[in-house]
Amino acid sequence: MSSENLPQTPEQQGRKPRVAVVFGGRSSEHAISVVTAGAVLRSIDRSKYEVLPIGITTDGRWALTADEPARMAIADRRLPSVEELAESEDGAVVLSVDPASRQVVYTEPGAVPKALGEVDVVFPVLHGPYGEDGTLQGLLELSGIPYVGSGVLASAVGQDKDYMKRVFTSFGLSVGPYVTIRPREWEADRDAATARILDFAAEHGWPLFVKPARAGSSIGITKVDDASGLEAAVKEARRHDPKIIVEALLRGREIECGVLEFEDGPRASVPAEIPPVSSHDFYDFEAKYIDSASGIVPAPLTPEQTAEVQRLAIEAFEAASCEGLVRADFFLTEDGDFVINEINTMPGFTPISMYPLMWEKSGIAYPELVDRLIQAALRRSTGLR
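Everything quoted here is computed from the prediction, not taken from an experiment.

*Asks:* Run through the sheet that holds strand E1 (residues 18–24), naming residues and quoting values.
*Replies:* Pairing in this open sheet of four strands is mixed, and the strands run E3-E2-E1-E7 from one edge to the other. Each edge of the open sheet carries a strand with a single partner, namely strand E3 (62–64) and strand E7 (121–124). Strand-to-strand, the axes of this sheet are offset by a mean angle of 30 degrees, without reference to chain direction. Two elements, E1 and strand E2 (residues 50–56), share seven bridges in a ladder whose sense is parallel.

Listed below in structure tokens is the structure:
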């Protein structure tokens, strides 16, 4: 593209940068994305940026939504949704795929389309498939619009626990024992697939954790204590993703560490520890978001352990070619070794989420964290980089 066809910068147009906060989505993490969006919208500096909230409904419609963060919180154990926030049941937001335009248009049946202006950067706070997994990132690349967070490849790798572990292993990072059951394998011969899981249990012992391979927020995960609970656990995981992953129990402490991209490269936050939750078998969705179980920040580690987990978190960030931000989750085993469990390329940004809490304890408050992510996205070009 020649320079004369490139979009003008906000400064050249005499206005503030316009940030589209895109949230909701088609995944089972829809509600948590809405909660995250509320926290981000509440913290964006309105004297510095113009803000355009865009919600994606559970059936995939892009909707113009109210800019009302108070309506995006969990209230009385009730989860929010884009459908409740949409300004119209039929209106749709359309993003141009012309890199020379960056225009956003709002359409309603029987009405003349309304131009909402250009978008300079997208802050996608979608979690799970159809948003965090590289699909939205690909659309934004086609549109030529910079965005917060990792690109297509890193987003896809960070969403798929199977390939994530393969990438980490290839870079020399330690991962726990696991087995993957692919959709065709389960559908072609369920008994053989079950036998693979039972062989895995015979080698590594019970309990096992049965998970959707491409989901987050601990949704669809079941702790299985013996073979009698396996069928129900697989059914629950496959309700969220036809590809599942089965992991062995790692005995040790759960440690998390945030990574943030600065002008001179990625840096790691102070780590956090997720202590056992007495009312839950593990740190599941209810514990995280409904009962608001919290971690210990900073984690009670030795200086050497802190330095090691920070080093490994940055290595994981680089191994998956991440950009912007990552939360890296580890187990500190009884042998004193760190084993990486997974990364989140768009970790939760709710008021109780560990990623912003870790950075707050590292000296970067929530509003500054949001600003740094937007500024990093504005500095970055789309396309191959």
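*Asks:* Let's hear about the sheet that holds strand E8 (residues 178–181): which residues, and what values?
*Replies:* Read across the open sheet, the four strands follow the order E8-E11-E9-E10; overall the sheet is antiparallel. Each end of this open sheet is capped by a strand with a single partner; those strands are E8 and strand E10 (222–224). Adjacent strand axes in the sheet meet at a mean angle of 25 degrees when their direction is disregarded. Relative to strand E11 (residues 244–248), E8 runs antiparallel, the two sharing four bridges.

*Asks:* Residues and numbers for the nonpolar core, please.
*Replies:* Val21, Phe23, Val40, Ile44, Phe123 and Phe349 are the most contacted members of the largest nonpolar core, which has 34 residues in total. For this core, the element with the highest residue contribution is helix H12 (residues 366–379), accounting for six residues. When neighbours within four sequence positions are excluded, Ile44 is seen to be in contact with Val19, Val21, Tyr49, Val51, Val370 and Ile374.

*Asks:* Can you tell me about the confidence of the model for the protein, naming the residues and giving the values?
*Replies:* Mean pLDDT over the protein: 92, with 93% of residues reaching 70 or higher. Here residues 287–291 is a poorly scored stretch, pLDDT under 50, and it has 22 contacts once near neighbours within four places are set aside; other chains count.

*Asks:* Please give an account of the pairing of strand E6 (residues 114–118) that cites residues and values.
*Replies:* Sheet analysis places strand E5 (residues 103–107) next to E6, joined by four bridges and oriented antiparallel. Paired with Tyr106 across the strands is Lys114, a residue of E6. Between E5 and E6, which pair antiparallel in sequence order, lie six residues; one of them, Gly110, sits at a positive phi of approximately 80 degrees.

*Asks:* Provide a residue-level description of the environment of Gly336, including the pertinent values.
*Replies:* In this fold, Gly336 is placed in the loop between strand E15 (325–333) and strand E16 (338–344). C-alpha separation for the pair Gly336 and Arg253, spaced 83 residues apart in sequence, amounts to 9.8 Å.

*Asks:* How would you explain the packing of helix H4 (residues 152–159) against helix H5 (residues 161–170) if you had to name every residue and give the values?
*Replies:* Angle between the axes and distance between the axes: these two values describe a pair of packed helices. Here H4 crosses H5 at 110 degrees, and the two axes come no closer than 5 Å. The angle between H4 and H5 places the two elements in the roughly perpendicular class. Residues Val157, Gly158 and Gln159 of H4 form the contact with H5, whose participating residues are Lys161, Tyr163, Met164 and Val167. Considering only residue class, the contact of H4 with H5 consists of four nonpolar, two polar and one charged.

*Asks:* How would you sum up the packing of helix H1 (residues 30–43) against H12? Please name residues and give values.
*Replies:* With their axes 9 Å apart at the nearest point, H1 and H12 run at an angle of 95 degrees to one another. Considered as vectors, H1 and H12 are oriented roughly perpendicular to each other. The segment H1 lies against H12, with Thr36, Ala39, Val40 and Ser43 engaging Tyr366, Pro367 and Val370.

*Asks:* Could you give an account of the packing of aromatic side chains, with specific residues and numbers?
*Replies:* Per the stated rule, a full pass over the model turns up five aromatic pairs. On the basis of an interplanar angle of 50 degrees and a centroid distance of 6.1 Å, the ring pair of Phe262 and Trp359 is categorised as tilted. Residue Phe262 is found in strand E12 (residues 252–262), and its partner Trp359 is found in helix H11 (residues 354–361); the two are separated by 97 residues along the sequence. Residue class for Phe262 comes out buried when judged on its relative accessible area of 7%. The buried category is assigned to Trp359, whose relative accessible area is 3%. Taken together, a centroid distance of 5.7 Å and an interplanar angle of 90 degrees make the contact between Phe349 and Tyr366 edge-to-face. Taken together, the residues Phe349 in the loop between E16 and H11 and Tyr366 in helix H12 connect sequence positions 17 residues apart. You'll find Phe349 and Tyr366 in the same group, each marked buried. Feature note: the residues Phe123, Phe349, Tyr355 and Tyr366 constitute an aromatic cluster, connected by ring pairs. It is Arg26 that lies over the ring of Tyr130; its NZ or CZ is 3.9 Å from the centre.

Calculation notes
Residues numbered from 1 in each chain as written. Predicted model: local features only at pLDDT ≥ 70, side-chain atom pairs only at ≥ 80, totals over all residues. Heavy atoms only, no water. Pairing = 2+ DSSP bridges. Helix = DSSP H or I, 4+ residues; strand = E, 2+ residues; numbered from the N terminus. Axes fitted to C-alpha atoms, helices over the stretch in contact; angles between N-to-C directions. Core = buried A, V, L, I, M, F, W, Y, C linked by side-chain atoms within 4.5 Å. Buried < 20%, exposed > 50% of the residue type's maximum accessible area, 1.4 Å probe, protein only. Contact = heavy atoms within 4.5 Å. pLDDT = per-residue confidence, 0-100. Parallel < 35°, antiparallel > 145°, perpendicular 65-115°, else oblique. Nonpolar A, V, L, I, M, F, W, Y, C, P; charged D, E, K, R; others polar. Phe/Tyr/Trp six-rings, centres within 6.5 Å; stacked < 30°, edge-to-face > 60°. Lys NZ or Arg CZ within 6 Å of the ring centre and 35° of its normal.

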